[in-house]
Amino acid sequence: MQYRRLTEQEVDKVWEIERREIVQHVYVMVNDRLQLREQFYDTRGWPEGEEQEYGPVLRACFERGGLFLGAFEGDELAAVSVMDSRPVTDYPKLHQLAFLHVSHGWRGQGLASELYARTRAEAQAMGIAGFYISATSTQRTVEFYLSRGAELSLPPDRELYEKEPDDIHLAHWFY
């Protein structure tokens, strides 16, 4: 596996990542606390319209200097992490970890952990104090971030919460 920054021409490869996943539990916020609930769904790919809506957002992030790290097996993008170059509005010492996805066939091999660690190392080298994470509410996703030191962001960033009110909003302070 080769880890490296994506080139501008590779940004749209993120949509080739296969998001297939069976979800059985999700987290919800109740009185500023996480509560695990049963919820089953079978994700078959990116939600309808996701590429059209977020493709321009990712390209704009790249153009302003966002950090795009990928795990490649040959020409295949197996996993990717994206950290925005802009500080988060309500938490100006944090930068948003905007994207961390591993293709279905590559899950369970440590790619997310490796990309998270590499993105963190680069962020710290830039003097960034931590990540703000607007995480999909699935149990697997939320527990991944919590196990790396992220905590609930209370209150959540107003701008990011408005965009994703069903997400679990986390902050991972590096110090």
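Our subject is the structure listed above.
Residues numbered from 1 in each chain as written. Predicted model: local features only at pLDDT ≥ 70, side-chain atom pairs only at ≥ 80, totals over all residues. Heavy atoms only, no water.

**Concerning the pattern of salt bridges**
Keep this limit in mind: Salt bridge criterion: a side-chain nitrogen from Lys or Arg within 4 Å of a carboxyl oxygen from Asp or Glu. The helix count covers DSSP runs of H or I at least four residues long, the strand count covers runs of E at least two residues long, and both are numbered beginning at the N terminus. Each residue's exposure class comes from its accessible area (1.4 Å probe, protein chains only) as a fraction of the maximum for that residue type: buried when under 20%, exposed when over 50%, partly exposed otherwise.
A full pass over the atoms with the stated rule returns 11 salt bridges. Measuring nitrogen to oxygen at the nearest pair gives 2.4 Å for the salt bridge that ties Glu122 to Arg5. Within this pair, whereas Glu122 is found in helix H2 (residues 111-125), its partner Arg5 is found in strand S1 (residues 2-5), the two being separated by 117 residues in sequence. Given a relative accessible area of 25%, Glu122 falls into the partly exposed group. For Arg5, a relative accessible area of 46% translates into the label partly exposed.

**Examining the sheet that holds strand S6 (residues 94-102)**
Through backbone hydrogen bonds, the strands of a sheet pair up, either in parallel or in antiparallel fashion. Note the following rule: A pair of strands counts as paired when DSSP detects no fewer than two bridges linking them. Any two residues having at least one pair of non-hydrogen atoms within 4.5 Å are treated as being in contact. The axes used here are C-alpha line fits, helices contributing only the stretch in contact, and every angle between their N-to-C directions lies in the interval 0 to 180 degrees.
The strand order S1-S4-S5-S6-S7-S9-S8 describes an open sheet built from seven strands, whose pairing is mixed. A strand with exactly one partner marks an edge of an open sheet, and here the two such strands are S1 and strand S8 (151-152). Here S6 pairs with strand S7 (residues 130-135) via three bridges, running parallel. Bridging from a neighbouring strand, His95 pairs with Phe131 of S7. In the packing of helix H1 (residues 50-63) onto the sheet, the strands contacted are strand S4 (67-73), strand S5 (76-87) and S6, and the crossing angle to S5 comes to about 65 degrees.

**So, helix H3 (residues 139-147)**
We apply this condition: Within this analysis, the arc is defined by the directions that extend from the helix axis to the C-beta atoms.
Inspection of H3 places Val142, Phe144 and Tyr145 among the buried residues, and these make up the whole buried set. All buried residues of H3 lie within an arc of 155 degrees about the axis, which places them on one face of the element. Within H3, the exposed residues directed more than 90 degrees away from the buried face are Arg140 and Ser147. Residues of H3 that are buried make contact with strand S2 (21-30), strand S3 (33-43), S6, H2, S7 and strand S9 (168-173). Where H3 ends, the next residue or the one after it, Gly149, has phi of about 115 degrees, a positive value.

**Observations regarding the side chain of Thr138**
Filter applied, for reference: Pairing of N or O atoms within 3.5 Å defines a polar contact, subject to two protein rules: one partner must be a possible hydrogen donor and the other a possible acceptor, and residues neighboring in sequence count only if both atoms are side-chain atoms.
The residue Thr138 is located in the loop between S7 and H3 in this model. For Thr138, a relative accessible area of 4% corresponds to the buried category. At 2.8 Å, the side chain of Thr138 and the side chain of Thr141 are in polar contact. Dropping the residues within four chain positions of it, Thr138 is found in contact with Val23, His25, Val26 and Tyr41.

**Brief notes about the environment of Arg44**
With respect to the helices and strands, Arg44 occurs in the loop between S3 and H1. You can call Arg44 exposed: its relative accessible area is 63%. Distance from Arg44 to Glu18, taken between C-alpha atoms, is 8.1 Å for residues 26 residues apart in sequence.

**A look at the environment of Leu58**
Summarising the element assignment, Leu58 is placed in helix H1. Here the alpha-carbon distance between Leu58 and Phe99, two residues 41 residues apart in the chain, equals 9.1 Å. Discounting chain neighbours no more than four positions away, the residues touching Leu58 are Val11, Val14, Trp15, Phe68, Val82 and Phe99.

**Notes on the nonpolar core**
Nonpolar side chains in soluble globular proteins generally cluster together in the buried interior. To keep things clear, this is the line we draw: Put simply, buried Ala, Val, Leu, Ile, Met, Phe, Trp, Tyr and Cys residues joined by side-chain atoms within 4.5 Å make one nonpolar core.
In terms of nonpolar packing, the biggest core is built from 27 residues, with Leu111, Tyr116, Phe131, Ile133, Tyr145 and Leu170 touching the most fellow members. Those elements that place two or more of their residues in this core are S4, S5, S6, H2, S7, H3 and S9. Leave out the neighbours within four places in its chain, and Phe131 touches Met83, Leu94, His95, Leu97, Tyr116, Thr119, Arg120, Ala123, Leu170, Ala171, His172 and Phe174. Counting residues in each nonpolar core, the second largest holds 14 residues, with Val11, Val14, Phe68 and Leu77 among its members.

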